[in-house]
Amino acid sequence: MTVTERGTGAPLPARAFAPAPALLTGPCPIVSLLPGGGADITSVSWAAERLAASGYVVVVTLPSSGASTAAYHLAAVSGIDFLQSTANPYRADSDTGRVGVAGWSLGARSLTRTQEEDRRVDALVAWDNLAVRESGDEGSPACTFTGTAVRTPRVPALGQASETCPGEPSDVKLRAFEHWRAAGVATMQVVFRDATHFWWGGPGTEAQRELSHAYTRAWFDRWLKADSTMTVALLGPTVPFTGAAAASVLSPRFRSAAAFDGRRCTDLRVGC
C-alpha cells in the first residue's frame with residue numbers, strides 16, 4: 001500500500017497494522033511510525049505488530065529520502081493524514097483524536113520537529129534517542145551533533161537509548177530528557193544494558209523487542225489511553241507487563257530517569 005505525501009502528492013510505501021477483531025474492545029488510538037535512516041519498513045514491523053496487538057492502529061511509512069529529516073517529518077505527518085482519512089482500512093476501529101508518533105534513529109530525531117509542529121500529536125516515543133533537535137544532541141548514538149535549531153517540547157516524550165558513547169558522563173543520555181523536564185512536559189528516559197544502536201532496527205532478539213515494546217506500550221497507554229495505572233507500572237521496580245527487574249535491564253553506565261505525574265526519579269535503577 002502507499003500513503004500520499006503531504007504537499008507533493010507523491011506515493012510513499014507504507015504498511016498498516018491493526019488488532020485482530022477478537023482483540024478489539026473499542027476504538028484504538030493511532031500511531032504513525034518511522035524506520036531509521038535508509039532502513040525499510042520491515043526493520044520496525046516488529047514494533048508495529050506488537051502495538052497493534054496491544055490495541056493500536058499503526059502505519060509505518062517509508063520517507064521519500066533515507067537521509068533527510070524533512071522527508072521523515074513529512075512521512076510522519078502524512079501517516080497521520082492517512083490514518084485520519086477514509087483511506088485507512090481500519091478507520092472504523094480507529095480513534096483518530098488520539099495520536100502517537102514513534103521512530104528509530106533518524107526517524108526518532110525527526111519526530112522532535114513533528115511533535116512541535118503537528119498539533120494533532122499527543123505523545124512521542126523515540127528509539128535511540130529522544131533529541132533536542134533533528135540533528136541530535138550529546139545523547140544521540142553518534143555522540144556528536146551539528147546545528148542549533150532547538151525544538152520546543154510540547155507532548156509527553158519517552159526516549160529509549162543504547163549504550164553508545166561509552167566514555168561520556170553517566171547523564172549524557174539525558175540531554176533531551178532535561179530539555180523536556182525544564183519545559184514542564186512529561187518525559188522519561190530509559191537506557192538499556194548492552195544495547196547497541198541496531199537493537200531497534202536490526203535483526204534483534206525477541207527479548208530485546210519485548211523489552212522495548214513494554215516501555216513503548218506503557219507510555220502510549222498512559223498518554224493515549226489515559227491509563228493512570230501506567231504511572232506506577234513505568235516507575236516501579238519491574239518492567240511493565242514483563243515482571244523483569246528494571247535494575248537488571250537498565251544500563252549501569254548511563255542513568256535512566258523520569259519526570260511526570262508529579263514524580264521526579266533521578267535514577268530508575270535504584271528505584272523511584
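Small disclaimer: the values here were computed from a predicted structure and weren't measured.

For the structure on display, the rule yields 10 aromatic pairs. Relative to Phe220, the ring of Tyr56 has its centre 6.0 Å away and its plane inclined at 50°; by these criteria the two rings are tilted. Of this pair, Tyr56 sits in the loop between α1 (45-53) and β4 (57-61) while Phe220 sits in helix α5 (residues 206-224), and the two are 164 residues apart along the sequence. Taking relative accessible area as the criterion, Tyr56 reaches 0% and is therefore assigned buried. We classify Phe220 as buried; its relative accessible area is 0%. Aromatic pair Phe192 and Tyr215: ring centres 5.9 Å apart, planes at 50°, arrangement tilted. Here the residue Phe192 occupies a position in the loop between β8 (187-191) and α5, and Tyr215 occupies one in helix α5, the gap between them amounting to 23 residues. Here the aromatic cluster, defined as three or more aromatic residues joined through ring pairs, consists of Phe192, Trp199, Trp200 and Tyr215. Positioned above the aromatic ring of Phe254, the side-chain terminus of Lys173 is 5.4 Å from the ring centre. Across from the ring centre of Trp223, 4.0 Å away, lies the NZ or CZ of Arg222, which sits over that ring.

On to the environment of Val99, then. Here Val99 shows up in strand β5 (residues 94-104). Val99 gets classed as buried once you look at its relative accessible area, which sits at 1%. Between the C-alpha atom of Val99 and that of Val57, which follows or precedes it by 42 residues, the distance is 9.9 Å. The contacts of Val99, once residues within four sequence positions are left out, are Ile30, Ile80, Gln84, Arg120, Val121, Asp122, Ala123 and Leu224.

Let us now look at the state of the cysteines. Following the criterion strictly, the structure yields 2 disulfides and no others. Disulfide pairing is shown between Cys143 and Cys165; the S-S distance is 1.9 Å. Since a negative S-S torsion denotes a left-handed disulfide, the Cys143-Cys165 link at about -105° is left-handed. On the criterion of sequence distance, the pair formed by Cys143 in the loop between β6 (123-127) and β7 (157-161) and Cys165 in the loop between β7 and α4 (175-182) is long-range, its members being 22 residues apart. Overall, the relative accessible area of 5% leaves Cys165 in the buried class. For Cys265, the disulfide goes to Cys272, at an S-S distance of 1.7 Å. For Cys265, a relative accessible area of 1% gives the class buried. Shown here for the chain is a disulfide pattern of 1-2, 3-4, where each number marks a bonded cysteine counted in sequence order.

With that out of the way, let us pick up the nonpolar core. In this structure, Leu33, Trp127, Met188, Phe192, Tyr215 and Phe220 are the most contacted members of the largest nonpolar core, which totals 45 residues. Sorting elements by how many residues they give to this core places α5 first, with 7 residues. Not counting residues within four places of it along the chain, the set of residues in contact with Phe220 comprises Val31, Leu51, Tyr56, Gly100, Val101, Ala102, Ala123, Leu124, Val125 and Lys225. In this structure, Cys28, Ala75, Ala76 and Leu130 belong to the second largest nonpolar core, which totals 30 residues.

Another aspect to go through is the confidence of the model for the chain. Taken residue by residue, the chain gives an average pLDDT of 96. The fraction at 70 or more is 100%. Model confidence for the chain, summarised as mean pLDDT per element, is weakest for helix α7 (residues 246-249) at 96 and strongest for β6 at 99.

A separate point is the side chain of Glu134. For Glu134, the location among the structural elements is in the loop between β6 and β7. A polar atom in the side chain of Glu134 sits 2.9 Å from the side chain of Arg151.

Turning next to the pattern of salt bridges. Evaluated as defined, the whole model comprises 17 salt bridges. In this structure, Glu134 engages Arg151 in a salt bridge whose closest nitrogen and oxygen atoms are separated by 2.9 Å. Taken together, the residues span a long stretch of sequence, with Glu134 in the loop between β6 and β7 and Arg151 in the loop between β6 and β7 at a distance of 17 residues. Connected via shared salt-bridge partners are Arg113, Glu116, Glu117, Glu134 and Arg151.

So, on to the packing of α1 against α5. Here α1 crosses α5 at 50°, and the two axes come no closer than 10 Å. Judged by the angle between their axes, α1 and α5 are oblique. Considering the relative orientation of α1 and α5, their crossing is right-handed. Two secondary-structure elements touch here, α1 through Trp46, Arg50 and Leu51 and α5 through Glu206, Arg209, Glu210, Ser212, His213, Thr216 and Phe220. Taken together, the residues of the contact of α1 with α5 sort by class into 3 nonpolar, 3 polar and 4 charged.

Parameters and conventions
- Think of each chain on its own: its residues are numbered from 1, step by step along the sequence as written.
- Per-residue local features are limited, in this predicted model, to residues with pLDDT of at least 70; the limit for side-chain atom pairs, both in listing and counting, is 80 or more; totals at the level of whole chains, interfaces and linings are taken over all residues.
- Computation of side-chain values covers all heavy atoms of the structure but excludes hydrogens and water.
- The rule is short: rings of Phe, Tyr and Trp, with Trp giving its six-membered ring, pair when the centres are within 6.5 Å, and they are stacked under 30 degrees, edge-to-face over 60, tilted in between.
- Each helix is a run of DSSP H or I of at least 4 residues and each strand a run of E of at least 2, with the numbering of both proceeding from the N terminus.
- Exposure classes here rest on a 1.4 Å probe applied to the protein chains alone. A residue is buried below 20% of its type maximum, exposed above 50%, and partly exposed in between.
- A ring is scored as having a charge over it whenever the NZ atom of a lysine or the CZ atom of an arginine sits within 6 Å of its centre and within 35 degrees of its normal.
- Residue contacts follow a heavy-atom distance rule, with two residues in contact if any of their heavy atoms lie within 4.5 Å.
- Disulfide assignment relies on a single distance test, namely cysteine sulfur atoms paired within 2.5 Å.
- Definition used in this section: a nonpolar core is a set of buried Ala, Val, Leu, Ile, Met, Phe, Trp, Tyr and Cys residues joined via side-chain atoms within 4.5 Å.
- pLDDT expresses, on a scale from 0 to 100, how confident the predictor is about each individual residue.
- N or O atoms within 3.5 Å of each other form a polar contact, as long as, within protein, one can give a hydrogen and the other can take it, and as long as residues adjacent in sequence are counted only when both atoms are side-chain atoms.
- The term salt bridge refers to a side-chain nitrogen of Lys or Arg lying within 4 Å of a carboxyl oxygen of Asp or Glu.
- Every axis in this analysis is a line fitted to C-alpha atoms, fitted for helices over the stretch in contact. Angles between the N-to-C directions lie between 0 and 180 degrees.
- Geometric relationships in this document are graded by angle, where less than 35 degrees denotes roughly parallel, more than 145 denotes roughly antiparallel, 65 to 115 denotes roughly perpendicular, and other angles denote oblique.
- What makes a crossing left-handed is the near helix being turned counterclockwise from the far one by less than a right angle; a clockwise turn instead makes it right-handed.
- In the scheme used here, Gly and all other residues not listed as nonpolar or charged are polar, with Ala, Val, Leu, Ile, Met, Phe, Trp, Tyr, Cys and Pro taken as nonpolar and Asp, Glu, Lys and Arg as charged.

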